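Tertiary structure, described
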Amino acid sequence: MMIQIAVLGYGTVGSGVVEVLNTNKDIIAKKAGEEISVKYVLDLRDFPGDPIQEKVVHDFEVILNDPEIRVVAEVMGGVEPAFTFSKKALMAGKSVCTSNKELVARHGTELLEIAKEHHVNYLFEASCGGGIPIIRPLHSSLTGDEIDEITGILNGTTNYILTKMIQEGSEFDQVLKEAQQKGYAERNPEADVEGYDACRKIAILSSIAFGKQVNFEDVYTEGITKITVSDIKYAKAMERCIKLLASSKRVGEDVYAMVSPVLVGKEDPLFSVNGVFNAIFVHGNMLGDAMFYGSGAGKLPTASAVVGDIVDEVKNGSTDVMASWSSEKLNLTDVKKARKQFFVRVQGDVQKDLDEVKRIFGAVEPIVIEDMAGEFGFVTEEMTEADFEAKSEESGKVISRIRIRHAE
Ligand code: HSE
């Protein structure tokens, strides 16, 4: 028996999916119980000379109307036309799997419901953490747990940039330019460097972990564009590094979700996650701590996760393998109420201005960097974001602030 599938989009991930299916053909056939063959590749372009050229179609209806196609891998990216194609495929009784975090974050709830109605599957392991298995563990393996925290380095581009800034002491703009030249950052890097990509991913992971729909637009998001070499110097003096963390946390009845640069200490497992690697730290009430680490982006790691979903869909046909989240919205608590410690840089002279800083922020110890005259730093006690903002306004001297993470 042979199962015919269609791949929507022959870009980086799409060509990776074809490569994984070819390279691991026999082992995949054994695991799926049937040989998997790509019958169609949907793309606007033609690929003369490429072995898939004869499979290229430009009209999605060809795939939709072919009853032989039971599984569709949507790896086009972007919301449209991926949304329309996925919806139509599911309604036609075809399972769909995807690496498209934008689409899952925006319309995942609806697509999961349509899949359920039509007794097919909508899987998206590749949408978060690239090749790292994280969706399945959260949904299938940690079912005995109440998850109370997910904190991840979920974006390879920004982790690469921050790692380089720390290692080389270069400014953000320069490192970004180099990253773009080497292909580690997109020509339009906004979604990565402003934290939007990590925001979508944490919204997806939180929806699974907490069982209700987390709207990505509700997640407080800050990127890394304002991080400077001066911030890095202080981080080094504190034996910490700066990471863009995407986090959701249950505190009593409240759930906080946030993407922002955070100072991470040596004792934290996220400290050593460098370069383009991703890691997702999960805390469960029975599990305690777990961390999932690996290749969070790139052609073959991402394609590997997509192919894992294809095999699951081939094997399981109409059995629902993905418990979805409820369409009920999870109301996130205003991050202004979240309690944090903050590292703060203020203008002034440590001899003259420390007393004033202490009056406003409490008993803090100054951190002075030799070649940085006219300013000093300190770490606050734990306080709410709202309190910090009020104190910062009262001081009028704050240059920048970075949140601090404590590994429990
Ligand atoms: N731009 C993303 C990243 C790709 O850097 O992690 C993977 O989703």
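Preceding this section is the structure that the text describes.
Summarised in this report is the structure supplied together with it. (Residues numbered from 1 in each chain as written. Predicted model: local features only at pLDDT ≥ 70, side-chain atom pairs only at ≥ 80, totals over all residues. Heavy atoms only, no water.)

**Notes on the pairing of strand β4 (residues 69-74)**
For the record, the criterion: A simple rule labels every residue: compare its accessible area, found with a 1.4 Å probe on the protein chains alone, to the largest value its type can have, and call it buried under 20%, exposed over 50%, or partly exposed in between. Working definition: helices are DSSP H or I runs of at least four residues, strands are E runs of at least two. Numbering for both runs from the N terminus. The rule for pairing is simple: two strands pair if DSSP sees at least two bridges between them. Classification remark: right-handed applies to a crossover when, strands pointing away from the viewer, the course from the first strand over the helix to the second runs clockwise.
Burial analysis of β4 places five of its six residues in the buried class, the great majority of the element. In the sheet, strand β1 (residues 2-8) pairs with β4 via five bridges, with the strands oriented parallel. Residue pairing in the sheet places I5 in a bridge with V71 of β4. Relative to strand β5 (residues 95-98), β4 runs parallel, the two being bridged by four bridges. Within the sheet, the bridge partner assigned to A73 lies in β5 and is C97. For the handedness criterion, the β-α-β arrangement of β4, helix α4 (residues 82-91) and β5 is classed as right-handed.

**A closer look at the pattern of salt bridges**
Heads up, the condition is: For this document, the term salt bridge refers to a Lys or Arg side-chain nitrogen within 4 Å of an Asp or Glu carboxyl oxygen.
One pass over the structure, following the stated rule, counts 29 salt bridges. A salt bridge links E168 to K164; the nearest nitrogen and oxygen atoms lie 3.2 Å apart. Placement of both E168 and K164 in helix α7 (residues 156-168) is noted, with a separation of four residues, approximately one turn of the helix. Judged by relative accessible area, E168 falls into the partly exposed class, the value being 41%. K164 gets classed as buried once you look at its relative accessible area, which sits at 16%.

**Regarding the side chain of S37**
What counts, and what does not: The definition of a polar contact used here is a pair of N or O atoms within 3.5 Å, where within protein one atom must be able to donate a hydrogen and the other to accept one, and adjacent residues in sequence count solely through side-chain atom pairs.
Here S37 lies in strand β2 (residues 35-42). A polar contact is formed between the side chain of S37 and the side chain of Q4, at a distance of 3.4 Å.

**Considering the state of the cysteines**
Here is the rule we go by: In plain terms, two cysteine sulfur atoms within 2.5 Å form what is called a disulfide here.
According to the stated counting rule, one finds zero disulfides in the structure shown. Left without a disulfide partner, C97 is nearest to the cysteine sulfur of C128, which lies 15 Å away.

**Things to note about unusual backbone geometry**
The peptide bond linking E80 to P81 adopts the cis configuration, its omega dihedral lying at 5 degrees. With respect to the helices, strands and loops of the structure, P81 is situated in the loop between β4 and α4. Backbone geometry at H119 places phi at a positive 55 degrees, although glycine is not the residue there. Within the element layout of this structure, H119 appears in the loop between α5 (101-117) and β6 (122-123). Phi at E239 takes a positive value of approximately 55 degrees, unusual for a residue other than glycine. By the secondary structure assignment, E239 is in the loop between α11 (229-237) and β10 (240-251).

Geometric descriptors of this kind do not, in isolation, establish any biological role.
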